[in-house]
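Descriptive analysis of the structure
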Amino acid sequence: MRKLYDLLHAPMTLPKPFGKFHLLVLLVIFSLTIIFTVILIKSKHKNIWVFSILLIGWILLVILEILKQIYTGLHLKPDKKNWYWDYNASHNLPVFLCSMPLYFIPLYLIIRNKQVKQIILNFLTIFSLYAGGIVLLAYPNWVFDNIIFLNLNTTIFHGYMLFIGMIFIFSGIVKFHIKSFLWAFLIFIFVWMLVGFGNEIIYQVGLRHKLKITPNLFTISHRQETRFTDTILSLTTGKLKLSSKAIYFIYPFATFIFSGTFFLVFGLIGFTIQKILILNNYLYKERLAKKSYMRRKNVIAN
């Protein structure tokens, strides 16, 4: 247990946005994206590949989440010999937008209805692309830490999300269409409503039983302080401070804009890739037809 504790708490230099560590992570993600996009495009067994990528990824995410829960709850006493458990459920319970693959991947894997599976895959793809992209491409300071495990955890977790978001859009597994986005956003709204309802129940239970710490689902509880308040203050240089209630109700509108932007940008890239492949396939068939015609012409001439 001590070896695991030391491993999880090993320090490192705090990575800088677009520094060596960050760029190495992006290089690995984009390299894997290119490889698996090509595999998915060329494969005749796309469903098997999608199933395998999601299953293996889900197992990896579960292992990372278990280790993270151990890291956040298990502590060593000052005597360096005895252990104690002190878990802060307010910020560590895995119920965030970034945690949704933990719950929706197994849902996708067990459902048999093709239409429902595709809707779930749309949600997984679009919101993984958004959550992974906004962390690793737009605002990496939000997750980088001076602990090796925390950096590996967040980069692998969000990197995998960005990875599946890109490969499923680039390969055409998820169509670049307004319906894909709207179905995905409808699931998000359902989850957002459940989160609001859950946070109210948690608050009332905590109030009745006088609990010191209560979970803050999605960190957007309308009853508790949220880190988004500080983030917005930082981004607006202290000019805009929003209450928890305001953040809860603004959250879906902001998510619609940002997730839609990511889907539009990466969807256009995927759409371009698909059109280039179609054009290349057409030109290839034209060349074959021309060669066949020339051979027949030569035979007749002889």
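Residues numbered from 1 in each chain as written. Predicted model: local features only at pLDDT ≥ 70, side-chain atom pairs only at ≥ 80, totals over all residues. Heavy atoms only, no water.

1. Digging into the overall build of the chain
The cut-off we apply is this: Numbered from the N terminus, helices here are DSSP runs of H or I no shorter than four residues, and strands are runs of E no shorter than two. Only protein chains enter the accessibility calculation, which uses a 1.4 Å probe. A residue is then buried if its area is under 20% of the maximum for its type, exposed if over 50%, and partly exposed in between. Contacts between residues were defined by any pair of non-hydrogen atoms, one from each residue, lying within 4.5 Å. Computed by Shrake-Rupley with a 1.4 Å probe, the accessible areas treat only the displayed protein chains as cover when residues are assessed. Residues scored as charged are limited to Lys and Arg (positive) and Asp and Glu (negative), so that His and the chain ends carry no count. Taken as the charge location is NZ of Lys, CZ of Arg, CG of Asp or CD of Glu.
A count of helices and strands for the chain gives ten helices and two strands. Secondary structure of the chain in N-to-C order comes out as α-α-α-β-β-α-α-α-α-α-α-α. C-alpha extents for the chain along the principal axes are approximately 95 × 45 × 45 Å. Residues classed as buried in the chain amount to 42% of the 302 residues present. The long-range share in the chain, meaning contacts at least 24 apart out of those at least 6 apart in sequence, stands at 70%. For the chain, the accessible surface area stands at approximately 18100 Å², while carbon and sulfur atoms represent 69% of it. In the chain, which carries 32 positive and 9 negative side-chain charges, the distance between the mean positions of the two groups comes to 19 Å.

2. Some points on the packing of helix α6 (residues 114-138) against helix α7 (residues 148-170)
Quick reminder of the rule: Working convention: axes come from line fits to C-alpha atoms, limited for helices to the stretch in contact. Angles between N-to-C directions cover 0 to 180 degrees. For this classification, under 35 degrees means roughly parallel, over 145 means roughly antiparallel, 65 to 115 means roughly perpendicular, and everything else is oblique. Here a crossing is called left-handed whenever its near helix is offset anticlockwise from the far helix by less than a right angle, and right-handed whenever the offset is clockwise. Classification convention: Asp, Glu, Lys, Arg as charged; Ala, Val, Leu, Ile, Met, Phe, Trp, Tyr, Cys, Pro as nonpolar; all other residues, Gly among them, as polar.
Running from N to C, α6 and α7 cross one another at 130 degrees; their axes reach a closest spacing of 7 Å. Judged by the inter-axis angle, α6 sits oblique to α7. The handedness of the crossing between α6 and α7 comes out as left-handed. Across from Leu121, Thr125, Phe127, Ser128, Leu129, Ala131, Gly132, Gly133, Val135, Leu136 and Leu137 in α6, the residues of α7 making contact are Thr155, His158, Gly159, Met161, Leu162, Ile164, Gly165, Met166, Phe168 and Ile169. Class assignment for the residues of the contact of α6 with α7 results in 13 nonpolar, eight polar and no charged.

3. Focus on the confidence of the model for the chain
Rule in force here: Summary of the metric used: pLDDT quantifies the predictor's per-residue confidence within the range 0 to 100.
Per-chain confidence: the chain averages 90 in pLDDT, with 98% of residues scoring 70 or above. The secondary structure element of the chain with the lowest average pLDDT is helix α1 (residues 2-8), at 78, and the one with the highest is helix α5 (residues 100-110), at 97.

4. Quick notes on the nonpolar core
Spelled out, the test is: Definition used in this section: a nonpolar core is a set of buried Ala, Val, Leu, Ile, Met, Phe, Trp, Tyr and Cys residues joined via side-chain atoms within 4.5 Å.
If you look at the biggest cluster of nonpolar residues, it comprises 62 residues, and the most contacted ones within it are Leu54, Phe127, Phe168 and Ile220. The set of elements that each furnish at least two residues to this core consists of α2 (20-42), α3 (46-73), α5, α6, α7, α8 (178-209) and α10 (244-301). The dominant element in this core, judged by the number of residues it contributes, is α6, at twelve residues. Once residues lying within four places of it in the same chain are set aside, the contact partners of Ile220 are Trp192, Val195, Asn199, Thr226, Phe228, Ile247, Tyr248 and Tyr251. Within the second largest apolar cluster, five residues are counted, among which are Leu8, Ile147, Phe149 and Leu150.

5. Description of helix α9 (residues 227-235)
Rules: Working definition: the arc comes from the directions between the helix axis and the C-beta atoms, pointing outward to the latter.
Residues of α9 that are buried include every one of Phe228, Thr229 and Thr231, and no others. In a view along the axis of α9, the buried residues occupy a sector of 165 degrees, so they form one face of it. Positive backbone phi, at 50 degrees, marks Thr237, one or two positions downstream of α9.

6. Observations regarding the pattern of salt bridges
Counted only if it meets this: Basic side-chain nitrogens of Lys or Arg form a salt bridge, by our definition, when they fall within 4 Å of a carboxyl oxygen of Asp or Glu.
Counting across every chain of the model gives one salt bridge. Across the salt bridge formed by Arg223 and Glu200, the nearest N and O atoms sit 2.9 Å from each other. Here Arg223 is found in the loop between α8 and α9, whereas its partner Glu200 is found in helix α8, with 23 residues between them in sequence. A relative accessible area of 22% means that Glu200 is categorised as partly exposed.

7. Comments concerning the side chain of Asn92
Position of Asn92 among the secondary structure elements: in helix α4 (residues 89-92). What makes Asn92 buried here is its relative accessible area of 16%. Ignoring any residue separated from it by four or fewer positions in sequence, one finds Asn92 in contact with Glu65, Gln69, Thr72 and Tyr87.

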